[in-house]
Amino acid sequence: MLITAVAGVVLVAATLPAVVRQFYPPAPAPLAHGAPAVVVVLGAGRQRHGNGYRLTATGLRRLHRGVEEARRRDLPLLLSGGAEDHAPRDPDNSEAGLMAVEARRLWPGARIEIEPGSRSTWENAVNSAAQLRRRGIDTVLLVTDRVHQPRALLSFRRQGLKAIPAPVDTLPEAAWLPSAGALAEVPVIWREWAALIWYRLRYF
């Protein structure tokens, strides 16, 4: 009976956004920085769609936030993402290429550059930094999910960029209302902790 009760409490707690939020990896300490010169949006994978691909719901949320920030600040966009395990032969088939199409639909006047070769967060940072250095840019507004933000920030900072976070909060707004969305975030959080540990051992 006690074990059942405890399991029930744990299960309910895992559906509360306010509780789930406490398990996010901590964000790195903020750095002194000037105004960002570009908004960088990190991809979140592609999905098969008919004979082609489309962006995931997570990727669309990131892109919408990035376009919103770029429009509000009147900044260009750098969209970063290749494919799951390779750099597509045609950049338009990359995740960055898909994001560019959607970004132009949302904001026809957007100034867009794509980085179509990265297959991981680390490669997002390495490849994006190489493109930005050629333009003399060292301060960026970095758009990704809140749970992914610590690893992304650390990766970009290792490339010498001042990355300012613009996190996308994927948890429901009602902090103490049980939610299937909050429960679905739990395995994502644990995967991100594992990835962050791996990155610390390999890159940081």
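Before reading further, recall that the structure is shown in the block above.
Residues numbered from 1 in each chain as written. Predicted model: local features only at pLDDT ≥ 70, side-chain atom pairs only at ≥ 80, totals over all residues. Heavy atoms only, no water.

*Asks:* Residues and numbers for the packing of helix α3 (residues 57-73) against helix α4 (residues 95-106), please.
*Replies:* One can describe the packing of α3 onto α4 by two numbers: an axis separation of 10 Å at closest approach and a directional angle of 50°. Here α4 runs oblique to α3, going by the angle between their axes. Considering only the axes of α3 and α4, their crossing is right-handed. Between α3 and α4, the contacting residues are L60, L63, H64, V67 and R71 on the first element and M99, E102, A103 and L106 on the second. (Axes fitted to C-alpha atoms, helices over the stretch in contact; angles between N-to-C directions. Helix = DSSP H or I, 4+ residues; strand = E, 2+ residues; numbered from the N terminus. Parallel < 35°, antiparallel > 145°, perpendicular 65-115°, else oblique. Left-handed = near helix turned anticlockwise from the far one by under 90°. Contact = heavy atoms within 4.5 Å.)

*Asks:* Report on helix α6 (residues 149-158), specifying residues and quantitative values.
*Replies:* Across the 10 residues that make up α6, a large majority, 9, are buried. For α6, the full list of buried residues reads Q149, P150, R151, A152, L153, L154, S155, F156 and R157. The elements touched by buried residues of α6 are β1 (38-42), α5 (121-133), β6 (139-145), β7 (162-168) and α7 (180-202). Residue G160 follows α6 closely and has a positive phi angle near 85°. (Buried < 20%, exposed > 50% of the residue type's maximum accessible area, 1.4 Å probe, protein only.)

*Asks:* Which residues make up the nonpolar core, and what values do they have?
*Replies:* In this structure, V39, V41, L63, L77 and L79 are the most contacted members of the largest nonpolar core, which totals 20 residues. Residue assignment for this core shows that the elements contributing at least two residues are β1, α3, β4 (77-80), α4, β6 and β7. Ranked by residue count, the leading element in this core is α4, at 4 residues. In this structure, V38, L132, L142 and L161 belong to the second largest nonpolar core, which totals 15 residues. (Core = buried A, V, L, I, M, F, W, Y, C linked by side-chain atoms within 4.5 Å.)

*Asks:* If you had to explain the environment of D138 to someone new, which residues and values would you point to?
*Replies:* Turning to its location among the elements, D138 is positioned in the loop between α5 and β6. With a relative accessible area of 37%, D138 lands in the partly exposed category. Distance from D138 to L183, taken between C-alpha atoms, is 37 Å for residues 45 residues apart in sequence. Residues within four places of D138 in sequence aside, it is in contact with G160, L161 and K162. In terms of polar contacts, D138 uses its side chain to reach the side chain of T139, at 3.0 Å. (Polar contact = N/O pair within 3.5 Å; in protein donor to acceptor, adjacent residues only side chain to side chain.)

*Asks:* I'd like a description of the layout of surface pockets, backed by residues and values.
*Replies:* The space that makes up the largest pocket amounts to roughly 600 Å³. Every residue lining the largest pocket is counted, 30 residues in all, and those nearest its centre are G43, A44, G45, R62 and H148. Listed by contribution, the elements that provide at least two residues to the lining of the largest pocket are β2 (46-49), α3, α5 and α7. Looking at the lining of the largest pocket, its residues break down into 5 nonpolar, 14 polar and 11 charged. (1 Å grid on protein atoms, 1.4 Å probe; cavity = no way out; pocket = protein on both sides within 12 Å on 5 of 7 lines; lining within 4 Å. Points joined across faces, edges and corners; volume = space filled by probe spheres on them. Nonpolar A, V, L, I, M, F, W, Y, C, P; charged D, E, K, R; others polar.)

*Asks:* I'd love a proper account of the sheet that holds strand β5 (residues 112-115), names of residues and values included.
*Replies:* Within the open sheet, the 5 strands sit side by side as β5-β4-β1-β6-β7. Their pairing is parallel. The sheet is open, and its two edges are formed by β5 and β7, each paired on a single side. Between one strand axis and the next, the sheet turns by 25° as a mean value, whatever way the strands run. Pairing geometry for β6 and β7, over 7 bridges, is parallel. (Pairing = 2+ DSSP bridges.)

*Asks:* Lay out the pattern of salt bridges in plain terms, naming residues and giving numbers.
*Replies:* A complete count under the given rule lists 11 salt bridges for this structure. In this structure, R21 and D169 form a salt bridge, with 2.9 Å as the shortest nitrogen-oxygen distance. Linking R21 in the loop between α2 (17-20) and β1 with D169 in the loop between β7 and α7, this pair joins segments that are 148 residues apart in sequence. For R21, a relative accessible area of 33% gives the class partly exposed. (Salt bridge = Lys/Arg side-chain N within 4 Å of Asp/Glu carboxyl O.)

*Asks:* Could you give an account of the packing of aromatic side chains, with specific residues and numbers?
*Replies:* In total, this model carries 5 aromatic pairs according to the counting rule given. Between Y199 and Y203, the aromatic rings sit 5.0 Å apart at their centres with planes inclined by 75°, giving edge-to-face as the arrangement. Accessibility classification places Y199 together with Y203 in one group, the buried group. Ring centres of Y199 and F204 lie 6.0 Å apart, and the angle between their planes is 65°; on these two criteria the pair is classed as edge-to-face. What makes F204 partly exposed here is its relative accessible area of 25%. In this structure an aromatic cluster arises from ring pairing among W122, Y199, Y203 and F204. Stacked on the ring of Y53, the Lys or Arg R46 has its end atom at 3.6 Å from the ring centre. We note R151 situated over the ring of Y199; from NZ or CZ to the ring centre the distance is 4.7 Å. (Phe/Tyr/Trp six-rings, centres within 6.5 Å; stacked < 30°, edge-to-face > 60°. Lys NZ or Arg CZ within 6 Å of the ring centre and 35° of its normal.)

Everything listed is a geometric property; what it means functionally is a separate question.
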